[in-house]
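The primary structure of each chain is shown beneath.
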Amino acid sequence: MKIIILFGTESGNAELLADEVAEAIGNRFPVVKHDMSETDPMELSPGDFHLVICSTHGEGVLPSGAVPFAAALDRDPPDLRGLRYAMFGLGDHSYDHYARGSEIIDEHLRAAGAERVGLYGRYDASSQDDPVQLACEWAFAVLNEAGHLIGENA
Ligand SMILES: Cc1cc2nc3c(=O)[nH]c(=O)nc-3n(C[C@H](O)[C@H](O)[C@H](O)COP(=O)(O)O)c2cc1C
(Lines give C-alpha, C1' and ligand atoms only; values in the text may rest on other atoms or scores of the structure.)
Protein backbone atom coordinates (compact mmCIF):
# COMPACT_ATOMS: atom_id res chain seq x y z
CA MET A 1 0.00 0.00 0.00
CA LYS A 2 1.30 3.45 -0.93
CA ILE A 3 0.90 6.62 1.10
CA ILE A 4 -0.50 9.40 -1.07
CA ILE A 5 0.05 12.90 0.30
CA LEU A 6 -2.68 14.96 -1.32
CA PHE A 7 -2.38 18.71 -0.83
CA GLY A 8 -4.54 21.73 -1.64
CA THR A 9 -2.88 25.13 -1.51
CA GLU A 10 -3.20 28.79 -2.43
CA SER A 11 0.26 30.15 -1.69
CA GLY A 12 2.41 27.06 -1.20
CA ASN A 13 2.39 26.38 2.56
CA ALA A 14 0.43 23.14 2.27
CA GLU A 15 2.81 21.95 -0.46
CA LEU A 16 5.80 22.75 1.71
CA LEU A 17 4.30 20.65 4.52
CA ALA A 18 3.55 17.86 2.03
CA ASP A 19 7.24 17.88 1.02
CA GLU A 20 8.42 17.80 4.64
CA VAL A 21 6.04 15.00 5.60
CA ALA A 22 7.05 13.01 2.51
CA GLU A 23 10.69 13.31 3.50
CA ALA A 24 10.01 12.45 7.14
CA ILE A 25 8.03 9.28 6.45
CA GLY A 26 9.72 8.27 3.18
CA ASN A 27 12.10 5.75 4.69
CA ARG A 28 9.23 3.87 6.35
CA PHE A 29 6.60 3.94 3.61
CA PRO A 30 6.39 4.27 -0.17
CA VAL A 31 5.15 7.86 -0.59
CA VAL A 32 3.78 9.79 -3.56
CA LYS A 33 2.84 13.49 -3.43
CA HIS A 34 -0.18 14.73 -5.42
CA ASP A 35 -1.39 18.28 -5.94
CA MET A 36 -5.21 18.46 -5.76
CA SER A 37 -5.13 20.92 -8.66
CA GLU A 38 -3.84 18.09 -10.86
CA THR A 39 -5.85 15.24 -9.31
CA ASP A 40 -9.05 13.73 -10.66
CA PRO A 41 -11.00 12.23 -7.72
CA MET A 42 -11.76 9.27 -10.00
CA GLU A 43 -8.05 8.36 -9.72
CA LEU A 44 -8.21 7.92 -5.93
CA SER A 45 -7.71 4.29 -4.98
CA PRO A 46 -8.91 2.53 -1.83
CA GLY A 47 -5.69 0.55 -2.18
CA ASP A 48 -3.71 3.61 -1.02
CA PHE A 49 -3.72 5.43 2.31
CA HIS A 50 -4.14 9.20 1.95
CA LEU A 51 -2.67 11.98 4.05
CA VAL A 52 -4.66 15.06 3.03
CA ILE A 53 -3.24 18.55 3.73
CA CYS A 54 -5.38 21.56 2.83
CA SER A 55 -5.36 25.28 3.64
CA THR A 56 -8.20 27.82 3.84
CA HIS A 57 -8.60 31.07 1.94
CA GLY A 58 -10.97 33.96 1.39
CA GLU A 59 -13.57 33.89 4.15
CA GLY A 60 -13.43 30.23 5.06
CA VAL A 61 -13.30 28.86 1.54
CA LEU A 62 -11.06 26.44 -0.31
CA PRO A 63 -7.65 27.47 -1.59
CA SER A 64 -7.74 27.84 -5.39
CA GLY A 65 -5.69 24.64 -5.84
CA ALA A 66 -8.45 22.59 -4.19
CA VAL A 67 -11.44 24.13 -5.98
CA PRO A 68 -11.51 21.93 -9.13
CA PHE A 69 -10.97 18.79 -7.02
CA ALA A 70 -13.91 19.66 -4.73
CA ALA A 71 -16.07 20.64 -7.71
CA ALA A 72 -15.37 17.29 -9.39
CA LEU A 73 -16.26 15.45 -6.17
CA ASP A 74 -19.49 17.42 -6.04
CA ARG A 75 -20.42 17.03 -9.70
CA ASP A 76 -19.63 13.40 -10.21
CA PRO A 77 -18.70 11.71 -6.93
CA PRO A 78 -16.73 8.49 -7.34
CA ASP A 79 -17.49 5.56 -5.06
CA LEU A 80 -14.79 6.01 -2.42
CA ARG A 81 -16.00 3.31 -0.04
CA GLY A 82 -12.98 1.55 1.43
CA LEU A 83 -10.68 4.56 0.96
CA ARG A 84 -9.07 5.71 4.21
CA TYR A 85 -7.50 9.07 4.80
CA ALA A 86 -6.36 11.43 7.55
CA MET A 87 -6.79 15.21 7.43
CA PHE A 88 -4.53 18.14 8.29
CA GLY A 89 -5.90 21.66 7.95
CA LEU A 90 -3.95 24.90 7.68
CA GLY A 91 -5.63 28.07 8.84
CA ASP A 92 -5.44 31.13 11.01
CA HIS A 93 -7.51 31.52 14.15
CA SER A 94 -7.85 35.25 13.60
CA TYR A 95 -10.27 34.47 10.74
CA ASP A 96 -13.90 33.55 11.39
CA HIS A 97 -13.82 30.10 9.80
CA TYR A 98 -10.71 28.45 11.16
CA ALA A 99 -9.28 25.75 8.89
CA ARG A 100 -12.64 25.47 7.12
CA GLY A 101 -11.05 24.61 3.76
CA SER A 102 -9.85 21.27 5.09
CA GLU A 103 -13.32 20.60 6.53
CA ILE A 104 -14.91 21.19 3.13
CA ILE A 105 -12.63 18.58 1.52
CA ASP A 106 -13.27 16.27 4.49
CA GLU A 107 -17.05 16.58 3.99
CA HIS A 108 -16.76 15.84 0.26
CA LEU A 109 -14.58 12.77 0.81
CA ARG A 110 -16.90 11.38 3.48
CA ALA A 111 -19.97 12.07 1.31
CA ALA A 112 -18.34 9.90 -1.38
CA GLY A 113 -17.95 7.05 1.13
CA ALA A 114 -14.31 7.50 2.23
CA GLU A 115 -13.46 7.06 5.90
CA ARG A 116 -11.36 9.52 7.91
CA VAL A 117 -9.13 7.85 10.47
CA GLY A 118 -6.83 9.08 13.22
CA LEU A 119 -6.16 12.57 14.46
CA TYR A 120 -7.54 15.62 12.65
CA GLY A 121 -4.39 17.77 12.55
CA ARG A 122 -4.47 21.57 12.40
CA TYR A 123 -1.92 24.35 12.11
CA ASP A 124 -2.84 27.87 13.23
CA ALA A 125 -0.73 30.48 11.42
CA SER A 126 -1.40 33.00 14.22
CA SER A 127 0.19 30.67 16.80
CA GLN A 128 3.87 30.24 17.63
CA ASP A 129 3.71 26.58 16.57
CA ASP A 130 6.18 25.13 14.10
CA PRO A 131 4.04 23.92 11.16
CA VAL A 132 6.61 21.37 9.96
CA GLN A 133 6.93 19.81 13.40
CA LEU A 134 3.13 19.71 13.86
CA ALA A 135 2.53 18.16 10.44
CA CYS A 136 5.26 15.53 10.87
CA GLU A 137 4.04 14.62 14.37
CA TRP A 138 0.50 14.34 13.00
CA ALA A 139 1.64 12.09 10.14
CA PHE A 140 3.60 9.77 12.43
CA ALA A 141 0.73 9.58 14.94
CA VAL A 142 -1.76 8.75 12.20
CA LEU A 143 0.47 6.18 10.53
CA ASN A 144 1.28 4.50 13.85
CA GLU A 145 -2.42 4.33 14.63
CA ALA A 146 -3.33 3.08 11.16
CA GLY A 147 -0.26 0.82 10.86
CA HIS A 148 -2.36 -2.34 10.94
CA LEU A 149 -4.27 -1.04 7.91
CA ILE A 150 -1.19 -0.03 5.96
CA GLY A 151 1.62 -2.44 6.69
CA GLU A 152 5.06 -0.87 6.92
CA ASN A 153 7.37 -1.07 3.91
CA ALA A 154 4.43 -2.38 1.90
C1 LIG B 1 -6.36 36.22 2.07
C2 LIG B 1 -6.29 35.12 3.09
C3 LIG B 1 -7.47 34.60 3.60
C4 LIG B 1 -7.44 33.59 4.58
N5 LIG B 1 -8.62 33.12 5.10
C6 LIG B 1 -8.59 32.20 6.09
C7 LIG B 1 -9.81 31.74 6.69
O8 LIG B 1 -10.92 32.14 6.35
N9 LIG B 1 -9.71 30.81 7.68
C10 LIG B 1 -8.51 30.32 8.12
O11 LIG B 1 -8.50 29.50 9.01
N12 LIG B 1 -7.34 30.74 7.55
C13 LIG B 1 -7.35 31.66 6.57
N14 LIG B 1 -6.18 32.09 6.01
C15 LIG B 1 -4.89 31.54 6.51
C16 LIG B 1 -4.29 30.50 5.57
O17 LIG B 1 -5.07 29.31 5.55
C18 LIG B 1 -2.87 30.17 6.07
O19 LIG B 1 -2.06 31.33 5.90
C20 LIG B 1 -2.25 28.99 5.35
O21 LIG B 1 -0.98 28.72 5.93
C22 LIG B 1 -2.08 29.21 3.86
O23 LIG B 1 -1.63 28.02 3.28
P24 LIG B 1 -1.38 27.86 1.69
O25 LIG B 1 -0.16 28.70 1.37
O26 LIG B 1 -1.10 26.40 1.51
O27 LIG B 1 -2.60 28.30 0.97
C28 LIG B 1 -6.19 33.09 5.04
C29 LIG B 1 -5.00 33.61 4.50
C30 LIG B 1 -5.03 34.61 3.55
C31 LIG B 1 -3.74 35.18 3.02
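Parameters at a glance
- Residues numbered from 1 in each chain as written.
- Predicted model: local features only at pLDDT ≥ 70, side-chain atom pairs only at ≥ 80, totals over all residues.
- Heavy atoms only, no water.
- Phe/Tyr/Trp six-rings, centres within 6.5 Å; stacked < 30°, edge-to-face > 60°.
- Lys NZ or Arg CZ within 6 Å of the ring centre and 35° of its normal.
- Helix = DSSP H or I, 4+ residues; strand = E, 2+ residues; numbered from the N terminus.
- Buried < 20%, exposed > 50% of the residue type's maximum accessible area, 1.4 Å probe, protein only.
- Contact = heavy atoms within 4.5 Å.
- UniProt positions renumbered as here; feature names shortened; annotations may be inferred.

Draft legend 1. Molecular detail of the packing of aromatic side chains. What the rule picks out here adds up to one aromatic pair. Between the NZ or CZ atom of arginine 122 and the centre of the ring of tyrosine 120, over which it lies, the distance is 4.0 Å.

Draft legend 2. Region of the structure containing the side chain of serine 55. Along the polypeptide, serine 55 turns up in the loop between β3 (49-54) and α2 (67-75). Classification of serine 55 as buried rests on a relative accessible area of 8%. When sequence neighbours within four positions are dropped, the list of residues in contact with serine 55 reads Gly8, Thr9, Glu10, Pro63, Leu90, Gly101 and Ser102.

Draft legend 3. Spotlight on the UniProt feature "domain: Flavodoxin-like" (unreviewed entry) in the protein. Mapped onto this numbering, the UniProt entry annotates "domain: Flavodoxin-like" (unreviewed entry) at residues 3-143. The span residues 3-143 carries 33% helix and 22% strand; its end-to-end C-alpha distance comes to 9 Å.

Draft legend 4. Structural detail: the environment of glycine 118. Among the structural elements, glycine 118 can be located in the loop between β5 (115-116) and β6 (121-124). Sequence separation of glycine 118 and leucine 90 is 28 residues, and the distance between their C-alpha atoms is 17 Å.

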